[in-house]
Amino acid sequence: KEEEEEEEEGTTLIRCSQVIQGHTESVNSLFLSGGYLITGSDDCTVKLWENEVFECMQSLSKHTPGVTSVCAPREGEILVSCSRDNHLAVWDMESFECCSYFQAHDKDVNCLAAVNETNVVSCSDDGTVKMWNIEKCTELKAFVGHKSKVTHCLVASGRLFTSSNDNCIRLWDLESGQCTSTIKAHRGTVMSLAVHQNQLLSCSRDRTVKLWDVNTTECVKTFQGHKNTVSSVIFVDGGIAASCGADWCINMWNLAEEKIICSGTGHKNWVHQLCGDGTGRNGCIYSCAKDKTIRQWKLAL
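The following paragraphs examine the structure supplied in this document. This one's a predicted model, so the numbers in the text were calculated from it and none came from an experiment.

**Considering the overall build of the protein chain**
A tally of regular secondary structure across the protein chain gives 0 helices and 29 strands. Here the C-alpha atoms of the protein chain give a radius of gyration of 18 Å, agreeing with the 19 Å that 2.2 N^0.38 yields for 301 residues. Counting only C-alpha atoms and orienting by the principal axes, one finds that the protein chain spans roughly 50 × 45 × 25 Å. Classification of the 301 residues of the protein chain by burial places 57% in the buried group.

Pasting the structure below:
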């Protein structure tokens, strides 16, 4: 089901243009791939929405309980999902059948990141990060070092970045599996990361967003404005970022000036994750929330 808001929420700089409904529980994860907006939810489904009219084209069910993250190592061909059931599921995007389902961790799997067309990285509440060959369902490598739950993982510029409940960010060499840098980043759990060239963004339960120099691992700026946990952060471009969190709000940041440009409101509960369409300041970003909805936001920055 798809609905438009009766009244536009936000400002002329950020405007909610679509409210997408169909999940029956909290929506935890979303990203764009192969012409679809792909979402994962506590209703135990992965849904694929046509990216123009946002009609639900497929609903995939395998996990019990909820889906926490999804990635696409081969766009339009293979989809991988993870869950609080400790498993990964591999999906054929032509038949939409589950072709593999295997236990990856001893506790909840929180996030996935594609390394290449055959390998993905997963991170878990068991404190580990692992690399998998999804064709053979075999573990290739374990990245050990975090002292608590690992909340987020991403691969950029040939490196692995992870965040944790131990308040740290770690940078890893993908080939050796060795940790190359440990950043004592926040005063609370580091929830999410984003990378753009040599810039790293982190967000935390301490209600802040921080900008880091990847090469020096020095904190460049600290952004304050959220009233509760910040759960997700993304780059819109090299100078603009967006963040969301438990205050139900989406903030757009001018990174150079360390200030909020504008805010988008409309979600009725914790906003879990953001993704962008890659077109920058005049494009769109998407949000998903505990209120069971997904929203599209038009930007004019």
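The discussion continues.
**Some details on the state of the cysteines**
Per the counting criterion, the structure on display carries 0 disulfides. For the unlinked cysteine C71, the closest cysteine sulfur is that of C82, found at 8.0 Å. Cysteine C284 remains unbridged, with the sulfur of C275 as its closest cysteine sulfur at 10 Å. Taking the relative accessible area as the measure of exposure, C284 reaches 8% and is therefore buried.

**Describing the packing of aromatic side chains**
With the rule as written, the count across this model stands at 4 aromatic pairs. Pairing F102 with W132 gives two aromatic rings, centres 5.2 Å apart and planes at 55°, and the pair type is tilted. Here W132 lies in strand β13 (residues 129–133) and F102 lies in strand β10 (residues 98–103), a separation of 30 residues in the sequence. Given the relative accessible area of 5%, W132 is considered buried. Seen from the ring of Y101, K62 lies directly overhead, with NZ or CZ sitting 5.2 Å from the centre.

**A closer look at the pairing of strand β26 (residues 259–264)**
Pairing analysis gives 5 bridges linking strand β25 (residues 250–254) to β26, with the strands arranged antiparallel. Counted as the bridge partner of N254 is K259 from β26. Counting the residues in the hairpin turn of β25 and β26 gives 4 residues, including E258, whose phi is positive at 55°.

**Quick word on unusual backbone geometry**
Put simply, T64 and P65 share a cis peptide bond, and its omega is 5°. On the secondary structure map, P65 appears in the loop between β6 (56–61) and β7 (67–74). Even without being glycine, F96 reaches a positive phi, approximately 60°. Here F96 lies in the loop between β9 (87–92) and β10. Positive phi, close to 55°, is recorded for T217, a residue that is not glycine. For T217, the position within the fold is in the loop between β21 (208–213) and β22 (219–224).

**So, the nonpolar core**
Formed by 17 residues in total, the largest nonpolar core has its most connected members in I14, V236, A242, I250, M252 and I285. Beyond its immediate stretch of four places on either side in the chain, A242 contacts S232, V233, I234, V236, N251, M252, L274 and I285.

**Brief notes about the pattern of salt bridges**
Summed over all chains, the structure comprises 6 salt bridges. Residue R74 pairs with E77 through a salt bridge whose shortest N-O separation is 3.3 Å. The partner of K130 in a salt bridge is E139, with the nearest N and O atoms 3.7 Å apart. Here the salt bridges share partners, and the residues they tie into one network are R74, E77 and E135.

**Quick look at the side chain of H105**
You can see H105 is positioned in the loop between β10 and β11 (109–114). A distance of 2.7 Å separates the side chain of H105 from the side chain of S122, its partner in a polar contact. In this structure H105 touches N86, S122, C123, S124, D126, T128, K130 and W132, once residues within four positions along its chain are discounted.

**A look at the sheet that holds strand β23 (residues 230–235)**
If you trace the 4 strands from one edge of the open sheet to the other, you get β23-β24-β25-β26, paired in antiparallel fashion. Looking at strand neighbours, the two that pair on one side only are β23 and β26, the edges of this open sheet. Direction aside, the axes of adjacent strands within the sheet are offset by 25° on average. Bridging between strand β24 (residues 240–245) and β25 involves 5 bridges; their strand directions are antiparallel. Paired with S243 across the two strands is N251, which belongs to β25.

**A word on the pairing of strand β18 (residues 179–184)**
Bridge analysis of strand β17 (residues 168–173) against β18 gives 5 bridges, and the strand direction is antiparallel. When the bridges of β18 are listed, I169 appears paired with I183. Here β17 folds back onto β18 in antiparallel fashion, the turn holding 5 residues, of which G177 has a positive phi close to 80°.

**Some points on the sheet that holds strand β8 (residues 78–83)**
A sheet is described by the order of its strands in space; here 4 strands give the open sequence β7-β8-β9-β10, paired in antiparallel fashion. One side of each edge strand has no neighbouring strand; the edge strands of this open sheet are β7 and β10. Strand after strand, the sheet turns through a mean of 20° between neighbouring axes, direction not considered. Inspection of the sheet shows β8 paired to β9 by 5 bridges, in the antiparallel sense.

Cut-offs and rules
- Residues numbered from 1 in each chain as written.
- Predicted model: local features only at pLDDT ≥ 70, side-chain atom pairs only at ≥ 80, totals over all residues.
- Heavy atoms only, no water.
- Helix = DSSP H or I, 4+ residues; strand = E, 2+ residues; numbered from the N terminus.
- Rg over C-alpha atoms; globule rule 2.2 N^0.38 Å.
- Buried < 20%, exposed > 50% of the residue type's maximum accessible area, 1.4 Å probe, protein only.
- Disulfide = S-S within 2.5 Å.
- Phe/Tyr/Trp six-rings, centres within 6.5 Å; stacked < 30°, edge-to-face > 60°.
- Lys NZ or Arg CZ within 6 Å of the ring centre and 35° of its normal.
- Pairing = 2+ DSSP bridges.
- Core = buried A, V, L, I, M, F, W, Y, C linked by side-chain atoms within 4.5 Å.
- Contact = heavy atoms within 4.5 Å.
- Salt bridge = Lys/Arg side-chain N within 4 Å of Asp/Glu carboxyl O.
- Polar contact = N/O pair within 3.5 Å; in protein donor to acceptor, adjacent residues only side chain to side chain.
- Axes fitted to C-alpha atoms, helices over the stretch in contact; angles between N-to-C directions.

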